[in-house]
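Each chain, letter by letter, is given below.
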Amino acid sequence: MKQTDQTLLEQLRITEFEIEQRKHLFALEPRDEMLLRAAGNLVESHLEELVTRFYELQTSTPEIALLIGDADTLQRLRAAQRRYVVDLFSGIYDLEYVNIRLRIGLVHKRIGVEPKLYLAAVDSLKFLLAEKLTELIPESEVRRHTLLALDKLMMFDVALVFETYIRSLVAEIETSRNKSEQYARALEEKVATRTRQLEELSRTDPLTGLLNRRYLDETLTRVLRSAQRRYEKVALVYLDVDDFKMLNDSEGHQRGDEVLRMLGEIIGRITRLEDGCFRYGGDEFCIVLPNCDRKQAEDIFLGRLTDELAVGLPGLTLSVGCSETGPDDFVLPEELLGKADQRMYEMKQRHRMDVAAGSDKTGEQASEGQPVVGR
């Protein structure tokens, strides 16, 4: 059962047994109930006078007058106070009586009656009732015991009112804490998301969308360790755009950036999810190919790259170096990269000599507007 579906008695776990225990705690005995019931016959005939005097005292306090607000509210409060005085002298203090007291505490909290104002009002009412009982009960012993009984019962009531008042405060604190925790969680999620975005940005090349050089060493180390555990080969492909400076000088840096961006898109499109694609710097790219040897890299990856370049970037030529390691022995990441870089450089040198000689097949293909990937 939801808490909102429970009565105040159920929420506070107050039963008839609990009420008897509380009466015992405040020394409220059957004799006291009998004395209060007897005094009720005397008080009822003076009920209107008592309520009028009580609210004259209350409205003389600016804070209370401000809370009451208007005449209609005052009339409702007067009616409620009359019922309370009648209940005080009913001699029946059961579950229904207790539930009404609990609700009074809840209402006082909701309308903003501070504890000091409530206690001052209780003290005023007790003074007025004691004054009237002193006037109406001639026998001193009966009067004394009746006043003691009234004092016990009003303390019994105050305890009930404050239980719901405090409970309401605790509920507000819990609600506020839950909201704070929800806000903190939402903030943590935003921070985590932003952190992931920043981490992604820190390792991503903004022009091509590929990973950047800073993330290459970490990726190579992770891939090589995994390959050692699985007894697999790893290939690395190193690409460099031929005559890129000439392209920038002749067609402008904007065109050069466009070529790099398109090349990055092609590389990302033809590689597998497990492959690592990096813009190493300037017009240089690295592709880490797990579970792949050098021959597969040259035949499959570079074959697909050549086909894609023919469509997307006709006329563009690349110098390429491939290296591999594993599965028996593994070189360090920097050595694997260095071998691919060296082979790429050797290919670029041959390409330059061939272009200068004007006679090799690569030069002929390039002059015919066909893409060439040197190996």
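Residues numbered from 1 in each chain as written. Predicted model: local features only at pLDDT ≥ 70, side-chain atom pairs only at ≥ 80, totals over all residues. Heavy atoms only, no water.

## Overview of the pattern of salt bridges
- Tallied over the full model, the rule gives 30 salt bridges.
- In this structure, Glu18 and Arg22 form a salt bridge, with 2.9 Å as the shortest nitrogen-oxygen distance. With Glu18 and Arg22 both in helix α2 (residues 16-25), this residue pair falls four residues apart, about one helical turn.
- Judged by relative accessible area, which is 26%, Glu18 ranks as partly exposed.
- Looking at Arg22, the relative accessible area reads 12%, which means it is buried.
- For the salt bridge of Arg269 with Glu308, the shortest nitrogen-to-oxygen distance reads 2.9 Å. Of the two residues, Arg269 is situated in helix α12 (residues 253-270) and Glu308 in helix α13 (residues 294-312); the sequence distance between them amounts to 39 residues. (Salt bridge = Lys/Arg side-chain N within 4 Å of Asp/Glu carboxyl O. Helix = DSSP H or I, 4+ residues; strand = E, 2+ residues; numbered from the N terminus. Buried < 20%, exposed > 50% of the residue type's maximum accessible area, 1.4 Å probe, protein only.)

## Comments concerning the environment of His351
- Summarising the element assignment, His351 is placed in helix α14 (residues 333-357).
- Residue classification places His351 among the buried residues on the basis of a relative accessible area of 8%.

## Looking at the pairing of strand β4 (residues 284-290)
- Among the seven residues of β4, six are classified as buried, and the element is accordingly described as predominantly covered.
- Both strand β2 (residues 234-241) and β4 contribute to a ladder of seven bridges, which runs antiparallel. For Val234, the partnering residue across the bridge sits in β4 and is Pro290.
- Two strands pair when backbone bridges link them, and strand β3 (residues 276-281) and β4 are joined in this way by five bridges, in the antiparallel orientation. Along β4, the bridge assignment pairs Gly276 with Val288.
- As consecutive antiparallel partners, β3 and β4 are separated by two residues, and within that stretch Gly282 has a phi angle of approximately 55 degrees, a positive value. (Pairing = 2+ DSSP bridges.)

## Things to note about the environment of Val331
- By the secondary structure assignment, Val331 is in the loop between β5 (317-325) and α14.
- For Val331, a relative accessible area of 17% corresponds to the buried category.
- Linking Val331 and Leu88, residues 243 residues apart in sequence, is a C-alpha distance of 93 Å.
- For Val331, the contacting residues outside a window of four places in its chain are Leu224, Thr325, Leu336 and Lys339. (Contact = heavy atoms within 4.5 Å.)

## Some words on the nonpolar core
- In terms of nonpolar packing, the biggest core is built from 43 residues, with Leu88, Phe89, Val98, Leu129, Leu150 and Leu153 touching the most fellow members.
- Looking at this core, the elements that each hand over two or more residues are α1 (8-11), α3 (30-44), α4 (47-59), α5 (62-68), α6 (71-88), α7 (95-111), α8 (115-136) and α9 (140-203).
- Among the elements that line this core, the one with the most residues is α9, at nine residues.
- What Val98 contacts, discounting residues up to four positions off in sequence, is Leu9, Ile14, Ile19, Phe156 and Leu160.
- Residues Ile267, Cys292, Leu313 and Leu316 belong to the second largest nonpolar core, which totals 28 residues. (Core = buried A, V, L, I, M, F, W, Y, C linked by side-chain atoms within 4.5 Å.)

## Quick notes on helix α10 (residues 216-230)
- If you check α10, its first and last C-alpha atoms are 21 Å apart, about what 15 residues at 1.5 Å a residue would give, namely 21 Å.
- Buried-residue contacts for α10 involve β1 (211-212), β2, β3, β4, β5 and α14.
- The first or second residue beyond α10 is Tyr231, which carries a positive phi of 55 degrees. (Expected span 1.5 Å × (residues − 1).)

## Concerning the confidence of the model for the protein
- Confidence in the prediction of the protein, expressed as mean pLDDT, is 87, and 93% of residues score 70 or more.
- In the model of the protein, helix α15 (residues 361-367) stands out as the element of lowest mean pLDDT, 41, in contrast to β4, which has the highest, 97.
- Segment residues 359-372: pLDDT under 50, and 22 contacts once partners within four positions in sequence are set aside and those in other chains are kept. (pLDDT = per-residue confidence, 0-100.)

## Brief notes about α12
- For α12, which comprises 18 residues, the first-to-last C-alpha distance of 26 Å matches the rise-based estimate of 26 Å (1.5 Å per residue) to within 8%.
- Turning to α12, its buried residues number three or more, namely Gly256, Val259, Leu260, Leu263, Gly264, Ile266, Ile267 and Ile270. Projected onto a plane normal to the axis of α12, the buried residues spread over an arc of 165 degrees and lie on a single side.
- Residues of α12 that are buried in the fold lie against β2, α11 (244-251), β3, β4, α13 and β5. (Arc of directions from axis to C-beta.)

## A word on unusual backbone geometry
- In this structure, the amide linkage connecting Gly326 to the following residue, Pro327, adopts the cis form with an omega of 0 degrees.
- Mapped onto the secondary structure, Pro327 falls in the loop between β5 and α14.
- A positive phi angle is found at Asp243, which is not glycine, with a value near 55 degrees.
- Looking at where Asp243 falls in the secondary structure, it is placed in the loop between β2 and α11.
- In the Ramachandran plot, Asn291 falls in the positive-phi region, its phi being about 50 degrees despite a non-glycine side chain.
- Within the secondary structure, Asn291 sits in the loop between β4 and α13.

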